[in-house]
Amino acid sequence: MEFKAYYNAVDHGMDNDGKPTALPMEGSTSPFALDVSVDASIDVVGGRAAFELVPADFWYLELGADIYSARRSAVRSIDRRDAPPAFPLVDQMWPDAVITDVGLFGRAEHHLGGFFTAAGTVRMDLVQARADENRVSDFFREQVSADLDYSESNLNAAFTLSANPSQYWVISAGVGTAVRTADATERYSDRIPASKSQTSAEFVGNPLLAPERSTQVDLWVKSNYPRWAFSFNTFTRHMDDYITIRVTDLPKRLPLSPNTVFRYQNGEAVLGGVETSLAYWLASFLNSQVSVQYLWGKDKTVDEPALGVTPLSVDIRLRYDSRRSDLFLETVLHMVDQQDRVASSRGERPTDGYTTLDLKGGIRMMEHLHLQLGVNNVFNTRYVNHLNANNPFAGMSMADYSGVRIPEPGRVIFIDLSYSF
């Protein structure tokens with residue numbers, strides 16, 4: 001038996017001190033310095049009760065229930081810095097939004113005999129979302145929705161069949177359907193600046209968003225021999241009521257924001273991916289490994305690639321371990337392809353491919369003292385991860401909000417000394 005209860009409270013104050021908006025901006029629609037502050041709080045309460053049972057040989061059961069309730073409140077104030085306090089612009093970023101989820105779940109695992117094992121899971125979630133109608137703006141009520149309460153009942157289920165045809169192989173296949181409810185930002189944001197993948201803009205919520213349902217089929221194959229090891233994982237997923245964004249003609253809230261305002265909506269999407277690796281021991285002290293990852297996605301609602309999909313990547317790893325295991329050396333070559341399948345209607349842009357090299361090593365200096373050091377991105381390559389957002393402030397006036405991509409760090413040198421006891 002397991003019983004757990006928890007409470008977590010976070011109060012977070014933020015401001016724009018030291019940011020470009022805290023300075024006068026010539027050529028901007030708001031040329032004076034701004035004083036921006038956000039007071040946010042999150043209170044979470046929850047608990048879980050679970051019972052593990054072994055009713056018979058080769059059977060395992062788990063039954064339980066859990067509850068999660070989060071209250072989010074955030075207020076943003078904007079005023080001029082170079083003038084006496086006037087009447088600041090005040091927005092409810094989170095209008096005292098509460099999302100409560102009560103779940104009932106069960107899981108069973110059974111050894112079928114021979115080399116087959118089956119496992120199944122069922123879960124029911126009862127969700128209630130609400131917000132304080134006194135804290136929602138008139139604009140939100142008139143342009144988005146006056147109904148702020150939403151409830152849903154979500155059934156989740158999964159089944160997996162695994163086979164161990166020999167001590168070296170494991171083969172598994174699974175099918176499942178899972179539901180994700182919309183969060184407080186997706187439901188109640190009122191033209192709040194944010195970033196989705198590369199898209200920096202204002203976003204409007206939708207209190208009546210249906211939960212996002214994913215139906216997925218998976219296949220896993222793993223082998224582990226004394227000299228080599230292999231793994232292959234692949235999946236295909238269909239998403240109903242996919243929570244995505246679309247362009248609107250709603251007016252923006254802040255003069256410094258991009259002109260386009262996006263709204264969360266339900267849609268349909270399909271995704272698929274594969275991850276595979278092959279490791280081979282060239283000698284008892286020298287191991288090589290190649291791994292490949294690829295993800296594909298399409299947002300069928302807007303008939304273009306899904307937003308924020310990483311490109312094909314390949315890692316080649318070579319590792320030396322001394323026979324006494326007190327010294328290791330490792331090098332990793334990262335190769336990432338360009339990504340030209342992008343959601344262009346929502347501001348996503350193609351990214352170039354890149355190659356980087358990492359080196360690291362470690363030694364046990366004494367029985368409990370370990371030293372590790374290395375260099376990431378040895379050749380100081382300038383590259384951009386496809387999921388990185390745009391930086392609207394780099395090398396331009398605030399009037400030009402086209403932005404440039406935020407690059408990853410250059411050469412990074414690290415040293416780690418640890419003592420274990």
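Overview of the structure. All values derive from a computational prediction rather than experimental measurement.

Here is what the cut-offs are and how they apply
- Residues numbered from 1 in each chain as written.
- Predicted model: local features only at pLDDT ≥ 70, side-chain atom pairs only at ≥ 80, totals over all residues.
- Heavy atoms only, no water.
- Helix = DSSP H or I, 4+ residues; strand = E, 2+ residues; numbered from the N terminus.
- Buried < 20%, exposed > 50% of the residue type's maximum accessible area, 1.4 Å probe, protein only.
- Contact = heavy atoms within 4.5 Å.
- Core = buried A, V, L, I, M, F, W, Y, C linked by side-chain atoms within 4.5 Å.

**So, the environment of Pro 305**
Phase 1 of the analysis: With respect to the helices and strands, the residue Pro 305 is situated in strand β14 (residues 304–305).
Phase 2 of the analysis: By relative accessible area, Pro 305 is classed as buried at 14%.
Phase 3 of the analysis: For the pair Pro 305 and Glu 348, spaced 43 residues apart in sequence, the C-alpha separation works out to 10.0 Å.
Phase 4 of the analysis: Those residues in contact with Pro 305 that sit more than four places away from it in its chain are Gly 297, Lys 298, Asp 299, Arg 341, Val 342, Ala 343 and Arg 346.

**Things to note about the side chain of Thr 356**
Phase 1 of the analysis: With respect to the element layout, Thr 356 can be found in strand β17 (residues 354–364).
Phase 2 of the analysis: When its relative accessible area of 6% is taken as the criterion, Thr 356 is described as buried.
Phase 3 of the analysis: With near-sequence residues (within four places) excluded, Thr 356 lies in contact with Val 332, Leu 333, His 334, Asn 377, Thr 381 and Tyr 383.

**A look at unusual backbone geometry**
Phase 1 of the analysis: You will see that Asp 241, though not glycine, has its phi angle at about 55°, which is positive.
Phase 2 of the analysis: Secondary-structure assignment places Asp 241 in strand β11 (residues 228–248).
Phase 3 of the analysis: With a relative accessible area of 34%, Asp 241 lands in the partly exposed category.
Phase 4 of the analysis: Even without glycine at this site, Asn 380 takes up a positive phi of about 55°.
Phase 5 of the analysis: By the element assignment, Asn 380 lies in the loop between β18 (369–376) and β19 (390–391).
Phase 6 of the analysis: For Asn 380, a relative accessible area of 42% translates into the label partly exposed.

**Remarks on the nonpolar core**
Phase 1 of the analysis: In terms of nonpolar packing, the biggest core is built from 21 residues, with Phe 140, Leu 148, Tyr 188 and Val 204 touching the most fellow members.
Phase 2 of the analysis: For this core, the secondary structure elements donating two or more residues are β2 (34–53), β4 (89–113), β5 (116–130), α1 (138–143) and α2 (184–188).
Phase 3 of the analysis: With four residues, the top contributor of residues to this core is β4.
Phase 4 of the analysis: Ignoring sequence-local partners within four residues, the contact set of Tyr 188 consists of Met 93, Pro 95, Ala 97, Ala 129, Arg 130, Ala 131, Phe 140, Leu 148, Gly 205 and Pro 207.

These figures capture arrangement, not role.
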